[in-house]
Amino acid sequence: MGPILLAFALAVLAWMLVVGDLVRRHRPAWHWYLVGYPVTACRVVFTWRKVAMLNDLAVTRRPPRGLLGDLVVKGDPVRPIAPRASFPRATRLGLTVTVRLHAGQTPATYMKAADALVHAWRVYAVRVTSPERGMVLLAAMATDPLQLPGLATAPAELLSALIGALETGGAWVMNLRLVPHWLIAGATRSGKSTLLARLITQLAPQHVALVGIDCKGGMELGLFAGRLSALATCRREAVAVLSALVVDMQERMNACRTAGVRSVWELPDKLRPVPVVVLVDEIAELYLSDGTRESKAEAEQCSTLLLRIAQLGAALGLHLVVAGQRVGSDLGSGVTALRAQLGGRICHRVNDPGTAEMTLGDLNKDAVAVAQAITPEERGVAVCTGLDGGWSRARSHLTPTDEAVATARRYSAMTPELPAVVRAVAALEGENK
């Protein structure tokens, strides 16, 4: 009976290993709840005190100075007390621990200890946030949630686009009604063009006018020309299109003033003009100059027109989505002024620290470091800002080029006509002839 029982036990063990591997690959959340979470939770509980002491998270009630006769003795007090931590609470692919801060402590100390927590708990990453005064929330992720983010869902709304998935498992949504203007940075093959294609496929079925500015000869946005109300392929055309949009913006102002409202969204449906989304690919091409007077004048015009649309367009239904491989102050003060008006920020992998700093530095320094850590293998992964002023890692859904082009053609009949832009483009073509 002994050999038979041993063989049976080995067979059961082998079956459990095979099933466990299948569950881990195809149902990672189930595997985490059944196996990963219990093991990691025990590791958190049993290592918390040691990790807290080694990373200066533990404090003592006794002062670091003492009086010995007439001498003041200074040293490290013994018997430090680790901060009080809650029992780890399981999430879909990780766990959270709430820690009550000692008097005088700040969340910055825990942010410095995040790497130590990663190694001690053997998890992929630990995010430190402060949901309320005197508390920090340690959110540990067992694996990279963006490696296979899955297909998130979100309700369909006007000027709202489902871009991909957040590292929390939620939907990554660009809502232009809530955040009217966006800045997207990313090096070649980082996922920037894929994100723009995804945005166009999401906006194409909506009653929205799309205007493209692609000074690379229209190589990127020209693929979707059937759904674009206008497409500028050089800086001279961009000046004409942007000037026409500013004229259209002034007409919208007059309509709002006449109706006694402060926004086009307060106008009746019959009087409300169609929303316009201006997509700018490679912003640097609009600001670079070859030194000639004409080139400098065009660059200054583009800078002024873009800034006017960014400052006044939100309430008038004009929205900017500006993308570029490199966005730096070396392009001129106009870029810095425009950046300040673009509340939404998305940073893919970039080739220089200055672009990451320009995109996210004025919002959160930690986000800059996370963006610079994105590897070339993580195409589509980016750091994006949220409505609450925070930031998150996210990954856009892969939208093949042929699928995006087919979508643009399918909804080409819905392309609204912008009379002011049409007149400006026609006048420019007449000059060229």
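The structure presented is a predicted model; accordingly, all values stated were derived computationally and were not measured.

Participant: Outline the sheet that holds strand 13 (residues 276-281), supporting the account with residue identities and numerical values.
Facilitator: Strand order in the open sheet made by the ten strands is 9-8-17-16-15-10-14-13-11-12, with mixed pairing throughout. In this open sheet, the two strands that pair with only one neighbour each are strand 9 (171-175) and strand 12 (228-232). This sheet shows a mean twist of 25 degrees between the axes of neighbouring strands, independent of strand direction. Inspection of the sheet shows strand 8 (residues 160-166) paired to strand 17 (residues 391-396) by three bridges, in the antiparallel sense. Bridging across to strand 17, Gly164 finds its partner in Ser396.

Participant: Provide a residue-level description of a nonpolar patch on the surface, including the pertinent values.
Facilitator: There is a patch of nonpolar side chains on the surface, built from Trp30, Tyr33, Leu34, Val35 and Val39 and spanning about 540 Å² of accessible area. For Tyr33, the location among the structural elements is in helix 2 (residues 28-54).

Participant: Lay out the packing of aromatic side chains with the relevant residues and their values.
Facilitator: Scanning all chains against the criterion turns up zero aromatic pairs. Here the basic side chain of Arg177 rests over the ring of Trp265, its NZ or CZ set 3.9 Å away from the ring centre.

Participant: Please set out the UniProt feature "binding site: ATP" (unreviewed entry) in the protein residue by residue, giving values where relevant.
Facilitator: As recorded in UniProt, the sites labelled "binding site: ATP" (unreviewed entry) are Gly186, Ala187, Thr188, Arg189, Ser190, Gly191, Lys192 and Ser193. Summarising the element assignment, Lys192 is placed in helix 5 (residues 192-203). According to the relative accessible area criterion, Lys192 is buried, its value standing at 5%. Setting aside residues no more than four positions away along its own chain, Lys192 makes contact with Ile184, Ala185, Gly186, Asp281, Ala323, Gly324, Gln325 and His348. Tracing the sequence through the fold places Ser193 in helix 5.

Participant: Please provide a residue-by-residue account of the pairing of strand 15 (residues 344-347), values included.
Facilitator: Burial along strand 15 is two-sided: Gly344 and Ile346 and Arg345 and Cys347, pointing in opposite directions, are all buried. Two strands pair when backbone bridges link them, and strand 10 (residues 182-185) and strand 15 are joined in this way by four bridges, in the parallel orientation. Residue pairing for strand 15: Trp182 is matched across the bridge by Gly344. In this structure, strand 15 lies alongside strand 16 (residues 381-385), joined through two bridges in antiparallel fashion. Bridging across to strand 16, Cys347 finds its partner in Val383.

What counts as what
Residues numbered from 1 in each chain as written. Predicted model: local features only at pLDDT ≥ 70, side-chain atom pairs only at ≥ 80, totals over all residues. Heavy atoms only, no water. Pairing = 2+ DSSP bridges. Helix = DSSP H or I, 4+ residues; strand = E, 2+ residues; numbered from the N terminus. Axes fitted to C-alpha atoms, helices over the stretch in contact; angles between N-to-C directions. Patch = residues over 30% accessible without salt bridge, like charges linked within 9 Å, V, L, I, M, F, W, Y side chains within 5 Å. Areas by Shrake-Rupley, 256 points an atom, 1.4 Å probe, with all protein chains shown as cover. Salt bridge = Lys/Arg side-chain N within 4 Å of Asp/Glu carboxyl O. Phe/Tyr/Trp six-rings, centres within 6.5 Å; stacked < 30°, edge-to-face > 60°. Lys NZ or Arg CZ within 6 Å of the ring centre and 35° of its normal. UniProt positions renumbered as here; feature names shortened; annotations may be inferred. Buried < 20%, exposed > 50% of the residue type's maximum accessible area, 1.4 Å probe, protein only. Contact = heavy atoms within 4.5 Å.

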